[in-house]
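One-letter residues, chain by chain:
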Amino acid sequence: MKTKLTTMAILLICFSFAGCKKDEVTDNGDTTVARLQGKWEATRSTERVYEKDSNKLVSEETSSYPANSRTIEYKDKNILYYRGGALRNTYAYAIIGSEIRLREGNNGVYYQLKFYSDTQHSHTEESFYTTNNVKMKSTFETVYIKK
């Protein structure tokens, strides 16, 4: 009886440790990278300004992009930026959680990546500044649709 209890206790401990390891697995972004592959066209941008401490929206302005004026192409682990059909920049990129990190040499740019659907996503950049002794936060979101 004592042997059965000891065996049961050991098995219970092993299964509990095996269950904990599942929580440690993180998404390396491969699924998102595959989802992004191809060409995407910028359709609009929205700039929002907030009072940082209260998160109160102070202003919001949305602008549309003319057709084919801004396009990005995700090609393997590179992102190519086109303006008016001409290639402007190429960056290596990585997906970390909900962030897309672009790298060109020693320079890096970080955007929040958000999917609205399989054919629409956005990049959002945040910046912070102070005006009249009030801390402000500005977000600039560009929305893309799959071509």
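Since this is a predicted model, take the numbers as computed values, not measurements. (Residues numbered from 1 in each chain as written. Predicted model: local features only at pLDDT ≥ 70, side-chain atom pairs only at ≥ 80, totals over all residues. Heavy atoms only, no water.)

1. Description of the confidence of the model for the protein
- The share of residues in the protein with pLDDT of 70 or more is 80%, and the mean pLDDT across the chain is 85.
- Mean pLDDT across the elements of the protein ranges from a minimum in helix H1 (residues 2-21), with 47, to a maximum in strand E1 (residues 38-51), with 98.
- Counted against residues more than four places away or in other chains, residues 14-27, with its pLDDT under 50, gives 1 contact. (pLDDT = per-residue confidence, 0-100. Helix = DSSP H or I, 4+ residues; strand = E, 2+ residues; numbered from the N terminus. Contact = heavy atoms within 4.5 Å.)

2. Observations regarding the pairing of strand E2 (residues 56-64)
- Alignment of E1 against E2, held across 8 bridges, turns out to be antiparallel. Across the sheet, the residue bridging to Glu 51 is Lys 56, located in E2.
- Hairpin geometry of E1 and E2 is characterised by an intervening segment of 4 residues between the two adjacent antiparallel strands and by a positive phi of about 60° at Asn 55. (Pairing = 2+ DSSP bridges.)

3. Topic: the packing of aromatic side chains
- Counted according to the given criterion, the structure contains 2 aromatic pairs.
- Ring centres 5.4 Å apart and planes at 75° place the aromatic pair Tyr 74 and Tyr 93 in the edge-to-face group. Taken together, the positions of Tyr 74 in strand E3 (residues 70-75) and Tyr 93 in strand E5 (residues 86-96) put the pair 19 residues apart, joining distant regions of the chain. Note on accessibility: Tyr 74 and Tyr 93 belong to one class, buried.
- Ring centres of Tyr 81 and Tyr 91 lie 5.8 Å apart, and the angle between their planes is 90°; this geometry places the pair in the edge-to-face category. With Tyr 81 in strand E4 (residues 78-83) and Tyr 91 in strand E5, this residue pair connects regions lying 10 residues apart in the sequence.
- By relative accessible area, Tyr 81 is classed as buried at 15%. (Phe/Tyr/Trp six-rings, centres within 6.5 Å; stacked < 30°, edge-to-face > 60°. Buried < 20%, exposed > 50% of the residue type's maximum accessible area, 1.4 Å probe, protein only.)

4. As for the nonpolar core
- Counting residues in each nonpolar core, the largest one holds 17 residues, and the members touching the most others are Tyr 74, Ile 79, Tyr 81, Tyr 93, Ile 100 and Leu 102.
- Only helix H2 (30-36), E1, E3, E4, E5, strand E6 (99-104) and strand E7 (107-117) provide two or more residues apiece to this core.
- Counting residues per element, this core draws most heavily on E5, at 3 residues.
- Aside from chain neighbours lying at most four places away, what touches Tyr 74 is Leu 36, Gln 37, Gly 38, Trp 40, Ile 79, Tyr 93, Ile 100, His 121 and His 123. (Core = buried A, V, L, I, M, F, W, Y, C linked by side-chain atoms within 4.5 Å.)

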